[in-house]
Amino acid sequence: MVGTVILPKPVLPSSQLAWPLQLVRGFTPNWFTVTMGTGIVALLLPKLPWPVLSRLGEGLWWLNLGLFTLFALLSLVRLGLFPTEARATLHHPLQSMFLGAIPMGFATLVNGLVVYGPERWGAISVGVAYWAWCLDAVVAAAVGLLVPYVMFTRHEHRLERMTAVWLLPIVAGEVAAVSAGTLLPHLEGTQAQTALWVGYVLWALSVPLALSILALLFLRLALHRLPPPELGVSGWLALGPLGTGALGLLLLGQAAPAVLSGTPLAPLGIVAKGIGLVGGLVLWGYGLWWWLIAMLKTRYLSRRGGLPFNLGWWGFTFPLGVYAAATFALAGLTAFAPLQVLAELLTLLLVGLWAVVMVQTLRGVWVGHLFHVSYQAVDR
């Protein structure tokens, strides 16, 4: 189950620990998917044609900042008090994938600082966002390298057990590339050029590998059919790398002419803008196929026993959100009205899904089952 982590046999059984320590021991990186989903809603609300939603989006950004801070503190306390369990998360073939949610959740805070910060704090917010993005880029690249390396050397994986969760550590790089594209219109000089080139490198570290994982995922589904119901929502994750990949190309390409203006590479800026539009449209179209498949798979599983709630339900939100953001970007560049309408409908769907998942999450926290921990020996 996505909401459950399997750890080594503890020195003290959970029954001998006070409930706050039980909570800390059972805290795992998949909680950061809450910040991913909440963050993307906060970023998209201002794009809807109702000004009041911009204030609501800013409020959600503040809520997301509080959630991320809380989750980061819980992670650090867990690392300090339960280092064995914390290390075991990296060695777990499912939970380790969610380490990618940490930089992706942080990226929504960086982007929100660019969207909402200048009105509140002026230009200083952009400077803070730039250095926060630098940190996010380093962490995203490290997770995208470290988790696959552990997969190759410590995990045991089989094709029939594969799900789209494999994408999570990989996609963190292209999400950081999107943050670079979001920052670029507010940067100048060396900072702008650095963000542009690093943004393209982050995109390249992520998207090609994600596309190969999607090819493997298609093969796995064709040979072994759908995953079990508790992992059924993971199919929506396939939409994530295509939405962020398209959005990254669009934002970086759109900013490239201004960044490279007055340099010997100025003609390259026009080329990058064209590649961004064409490449973004191609990835968006590919994402449309995976989105439709995800909805069909969800309907299929729902009619055959339902989808039991776990933290994996947050997979409904962020992938759909970045796909909606890419649709908004395409609509702005092409002036194609149906794309604008579709982007607004996708955002409304996202808000509805976010509300449902958040209510279910709060209920799960109140009951306590989302902090369930199963123990078994782990070969290290």
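As the structure is a prediction and not an experimental result, all values here were calculated from the model.

Cut-offs applied
- Residues numbered from 1 in each chain as written.
- Predicted model: local features only at pLDDT ≥ 70, side-chain atom pairs only at ≥ 80, totals over all residues.
- Heavy atoms only, no water.
- Helix = DSSP H or I, 4+ residues; strand = E, 2+ residues; numbered from the N terminus.
- Buried < 20%, exposed > 50% of the residue type's maximum accessible area, 1.4 Å probe, protein only.
- Phe/Tyr/Trp six-rings, centres within 6.5 Å; stacked < 30°, edge-to-face > 60°.
- Lys NZ or Arg CZ within 6 Å of the ring centre and 35° of its normal.

J.: It is not clear to me how unusual backbone geometry should be interpreted in this structure. Could you clarify?
T.: The phi torsion of most residues other than glycine is negative, and most of the peptide bonds are trans. Look at R225: it is not a glycine, yet its phi comes out positive at around 65 degrees. Topologically, R225 is positioned in the loop between α8 (189-224) and α9 (239-260). We classify R225 as exposed; its relative accessible area is 59%. Positive phi, normally seen in glycine, also occurs at A335, with a value near 55 degrees. Tracing the sequence through the fold places A335 in the loop between α11 (318-334) and α12 (337-367).

J.: Honestly, the packing of aromatic side chains in this entry has me stumped. Any pointers?
T.: The geometry of an aromatic ring pair comes down to the distance between the two centres and the angle between the two planes. Considering all chains together, one arrives at 19 aromatic pairs under this definition. Look at F32 and F71: their rings are 5.8 Å apart centre to centre, the planes differ by 80 degrees, and that puts the pair in the edge-to-face class. Placement of the pair is F32 in helix α2 (residues 32-44) and F71 in helix α3 (residues 52-81), with a sequence separation of 39 residues. By the burial criterion, F32 is buried, and F71 matches it. A centroid spacing of 5.8 Å and a plane angle of 80 degrees characterise the contact between W313 and F316, whose relative ring orientation is edge-to-face. Neither residue differs from the other here; W313 and F316 are each classed as buried. Among the aromatic residues, those joined into a cluster by ring pairs are F27, W31, F32, F68, F71 and F106. A cation over a ring is seen here: K47 above F328, with NZ or CZ 5.9 Å from the ring centre.

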